[in-house]
Amino acid sequence: MSILGPVMGWFGYGVAVWIFCVGLFGLVISRNWIHLAICLSVMQSSTYVLLLEIGFRTGGTAPVFADVPVGTRAVDPVVQALMLTDIVVEATVLALIVALAVQIHRPTGTLDPDHLPELSG
Amino acid sequence: MTALAPLPVALPLIVAALLAAGRHWWPRRLADGFALGVALANVVIDARLLLLARSHPIVYWMGGWYPRGNVAIGVSLAIDPMGAGLALFAGVLVAAALIFSLQYFDSVGRLFHVLMLCFLGGMSGFALTGDLFNLFVWFEVMGAAAYALCGYKTEDPKPLQGALNFAVTNTVGASLALIAIALLYGRTGALNLAQIGQSLGSSLDPLAVIAFTFISCGFLIKAAIVPFHFWLDDAHAVAPTPVCILFSGVMVQLGLYGVVRVYWSVFARPFGPHQATITALLAGLGVATTLVGAVMCFAQRNLKRLLAFSTISHTGVMTLGFALLKPAALAGSMLYMLSHGGAKAALFLFTGILLHRFASVDEMELHGRGRQLPGLGAMFGLGALLLASLPPFGLFTGEALIIDAAHESGYGWLHGVTWVAAVLTAGAILRAGAHIFLGWGRKQPGKRGQIEEQPETRGGHDHTPPAMWAAAAGLLLVTLALGLAPLRAGCTQIAALAMDTAGYQARGLDHPAPLPSAPVPAAPDGKAIFEALASCLAAVALAGIAVFRGFWPLWLGGISRALDGFIRPLRALHSGHVGDYIAWLTLGVAILGGVLTLTLR
């Protein structure tokens, strides 16, 4: 543990960066609106990992302060509230994006973003 | 009186919920009335807040969660005149959009009003909040409403694609902002802007640099700054006209407001010794945005897309005002923003009237058809000249303030950039006006891969409803009046208050702080008036040259072909493919972050 300690301390941040980059890469190369929406959701989940990692305290318990002595070490409850808000907000946007994609599919029969080249120049 | 503070946010959202719940049995006119009533109520409340906040910036703690000492657990609204003024302006534009849409859409459905009110609530919240995380939440609330409004015509795939490009790029921006917020929370343990600023102190560490890069890029995506601007022209070209005026008039500028607010409340002290670097970087972004927007604007023949690129160009000028980091320059940006918002919104509504009448927004399709509407043509031309900074109106005063400050900072050459951009954008609008309302020049057949616009109303109409005239002409009149009103001193005070970092941090945590004062900048001199008049004349001349391209001598045709060779690659970059936009966005973030990390040590 003494050797792994510093490594583990950075592990969460590394995961967050990795997820963000994977999602971003997917967004750039995507050729399908649904695939694109999923990549967006992957990229957003990096913010959940980042928030959790920031609020994490080694050896901390869940931040429920009933039946525990005063001064008990607990993880930060604020980031969890932030994350929940984030999930709600992002779920709304994602639902909207998928709904728009479904509406595009109805008349055109395709989900390829390049199918409609009019929006250029 | 502070009990008024949450109303501009709460009122639209509550009424939106009621309208959504009862949308099947409320008659259309009642929904119209309620929505318009809420927008007007917002205008009145915001005006009251603005007047109060000029002498006493208001801090309102939600649910009575007051701060203890320097620690704020609760969420606050920190209302200073800049925020209140923006919320007020958003209210005015929403009211104008609702009046215009009274008789515009054939079957609008109740959800249009609901979305407009959500949009208004989100914009008000973004302008008034004093909490960093809430800034993100309101960014997304106004975003979600805007995406839905952009793709409101669901039967047509093009608005949907524009809305998707808009939604995806802006959501990436929101994620960037949230990452920055998480990092700042990890460092300071605070979410209140004032408290973050205090805890961060004046120490400049890599984390502050990364956080600033991410959050400013997140908001600059909304502000459509090059290279984050690609979504804007797609979204504007396809969104319903009443929605366009909100996008162009205030939403894009709110993105810039976000950067201004965060910079001056949190980052101004750590970055204080490096102001020259920040100015150079932001001025570079502003110049790129101004020029790219102007050139692309001139290359369009779809009226809405043309106006959208002009918005990008003018937002670049507003960025220059912020970049100089001086109260007078920021005041110039505010004046510029107000008059640009009014004039651009009016121009969009004129385009909407054309679309309603002739079922097209293509410059060449409409060629000569506007001859029967001379009044509209006159107003259209006046709007274009306003955008070319016609003295003594608002864009002229604002630009003169920015340029004066630029001369003091050794950035006098910026004047050349803004002058060229004003001539190009106004020249493009005047050219379109001459084609449409005068029928001058040759009609070019065919569409060069341009967007076909689905009419928002069935077919052509023989007359334009009075509500549409009222909204459009009213906005133009308001813009003219704003330009003549003596706002220079007031805006400078407002800007000084917005840039008062120590004062904001103290007042944000309920401590008293003296109000700052800034010297009132001098009125524009004769030289500035002469140069602005010259830009108006140059715009008219440019429009004339472009209209009569059939009669050009050979050498002029050569120049034109050379310019085409320069513009074509630029047009090709605006590919309409969202993956490309994300790649540009990533590159922009990387460059901005790289430059900041390398230069700030």
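One can find the structure itself at the top, above this paragraph.
Residues numbered from 1 in each chain as written. Chains lettered and ligands numbered in written order. Predicted model: local features only at pLDDT ≥ 70, side-chain atom pairs only at ≥ 80, totals over all residues. Heavy atoms only, no water.

Visitor: Mind showing me how you'd approach helix H20 (residues 526–547) of chain B here?
Guide: Along an α-helix, residues three or four apart share an orientation, since each turn contains 3.6 residues. Residues and elements named next belong to chain B. Look at H20: 32 Å from first C-alpha to last across 22 residues, which is about the 32 Å you get at 1.5 Å a residue. When H20 is considered as a whole, its buried residues turn out to be Ala528, Ala532, Ser535, Cys536, Ala539, Ala543, Ala546 and Val547. Take H20 and look down its axis: the buried residues cluster within an arc of 110°, on one side only. Facing away from the buried side of H20 by over 90 degrees, the exposed positions are Gly526, Lys527, Phe530 and Leu537. (Helix = DSSP H or I, 4+ residues; strand = E, 2+ residues; numbered from the N terminus. Expected span 1.5 Å × (residues − 1). Buried < 20%, exposed > 50% of the residue type's maximum accessible area, 1.4 Å probe, protein only. Arc of directions from axis to C-beta.)

Visitor: Mind showing me how you'd approach the interface of chain B and chain A here?
Guide: Where interface size is quoted, it is often the accessible area lost as the parts come together. Of the residues lining the interface, 49 residues belong to chain B; the matching set on chain A comes to 39 residues. Both faces considered, chain B and chain A share a buried interface measuring about 3,800 Å² in area, 77% of it formed by carbon and sulfur atoms. Put simply, chain B and chain A have 0 salt bridges between them. For the pair chain B and chain A, the number of links is 3 residue pairs in polar contact (both at pLDDT 80 or more). Of all elements in the fold, only helix H5 (132–150), helix H6 (157–188), helix H9 (230–238), helix H12 (303–323) and helix H22 (578–599) of chain B reach the threshold of two or more residues within the side of chain B that touches chain A. Top element by residues in the side of chain B that touches chain A is H6 of chain B. It accounts for 20 residues. Broken down by class, the residue content of the side of chain B that touches chain A amounts to 28 nonpolar, 16 polar and 5 charged. (Contact = heavy atoms within 4.5 Å. Buried area = accessible area lost by both parts, 1.4 Å probe. Salt bridge = Lys/Arg side-chain N within 4 Å of Asp/Glu carboxyl O. Polar contact = N/O pair within 3.5 Å; in protein donor to acceptor, adjacent residues only side chain to side chain. Nonpolar A, V, L, I, M, F, W, Y, C, P; charged D, E, K, R; others polar.)

Visitor: What should I look at first to understand the environment of alanine 237 of chain B in this one?
Guide: In this structure, alanine 237 of chain B sits in helix H9. Considering only alpha carbons, one finds alanine 237 of chain B and leucine 183 of chain B, 54 residues apart in sequence, at a separation of 36 Å.

Visitor: In this structure, what is going on with the pattern of salt bridges? I would like to understand it.
Guide: Pairing between side chains becomes possible if they bear opposite charge and their charged atoms approach one another. This structure, assessed with the given rule, holds 11 salt bridges over all chains. Residues joined in a network through salt bridges with shared partners are Arg28, Arg29 and Asp32 of chain B.

Visitor: Explain the layout of surface pockets to me, please; I cannot follow it from the model alone.
Guide: The method is simple in principle: a probe with the dimensions of a water molecule rolls over the atoms, and the space it marks as empty is what remains. All names here are of chain B. Of the voids in this model, the largest pocket is the one considered here, and its volume is about 940 Å³. Those elements that place two or more of their residues in the lining of the largest pocket are helix H11 (275–298), helix H16 (414–438), H20 and helix H21 (554–573). Among the elements that take part in the lining of the largest pocket, H21 stands out by supplying 9 residues, more than any other. The class makeup of the residues in the lining of the largest pocket is 16 nonpolar, 5 polar and 10 charged. (1 Å grid on protein atoms, 1.4 Å probe; cavity = no way out; pocket = protein on both sides within 12 Å on 5 of 7 lines; lining within 4 Å. Points joined across faces, edges and corners; volume = space filled by probe spheres on them.)

Visitor: What am I meant to see in the state of the cysteines here?
Guide: Every disulfide links exactly two cysteines, by a covalent bond between their sulfur atoms. Residue and element names in this part refer to chain B. Applying the stated criterion to the full structure yields 0 disulfides over all chains. As a non-bridged cysteine, cysteine 118 has cysteine 150 as the owner of its nearest cysteine sulfur, 16 Å distant. There is no disulfide at cysteine 150, and the cysteine sulfur nearest it, in cysteine 244, is 7.7 Å away. Residue cysteine 150 is classed as buried on the basis of its relative accessible area, which comes to 0%. (Disulfide = S-S within 2.5 Å.)

Visitor: When you look at the pairing of strand S2 (residues 76–79) of chain B in this model, what are you seeing that I'm missing?
Guide: Along any regular strand the residues' side chains alternate between the sheet's two faces. All names here are of chain B. Burial along S2 is two-sided: the residues Ser76 and Ala78 and Leu77 and Ile79 are all buried. In the sheet, strand S1 (residues 58–61) pairs with S2 via 4 bridges, with the strands oriented antiparallel. Its bridge partner lying in S2, tryptophan 61 is registered against serine 76. (Pairing = 2+ DSSP bridges.)

Visitor: Where do I start with the packing of aromatic side chains in this structure?
Guide: Any aromatic ring pair is given by two values, namely how distant the centres are and how the planes are angled relative to each other. Tallying each qualifying case throughout the model produces 24 aromatic pairs over all chains. Each ring, one from tryptophan 10 of chain A and one from tyrosine 13 of chain A, has its centre 5.6 Å from the other, and the planes form 50°; the classification is tilted. Residue tryptophan 10 of chain A and its partner tyrosine 13 of chain A are both found in helix H1 (residues 4–29); the two are separated by 3 residues, about one turn of the helix. Classification of tryptophan 10 of chain A as exposed rests on a relative accessible area of 64%. Overall, tyrosine 13 of chain A belongs to the partly exposed group, its relative accessible area being 27%. Centroid distance tyrosine 263 of chain B to phenylalanine 271 of chain B: 6.4 Å. Interplanar angle 45°. Geometry classified as tilted. As far as burial versus exposure is concerned, tyrosine 263 of chain B and phenylalanine 271 of chain B are alike and both buried. Put simply, the rings of Phe212, Tyr263, Trp264, Phe267, Phe271 and Phe322 of chain B pair up and form one aromatic cluster. (Phe/Tyr/Trp six-rings, centres within 6.5 Å; stacked < 30°, edge-to-face > 60°.)

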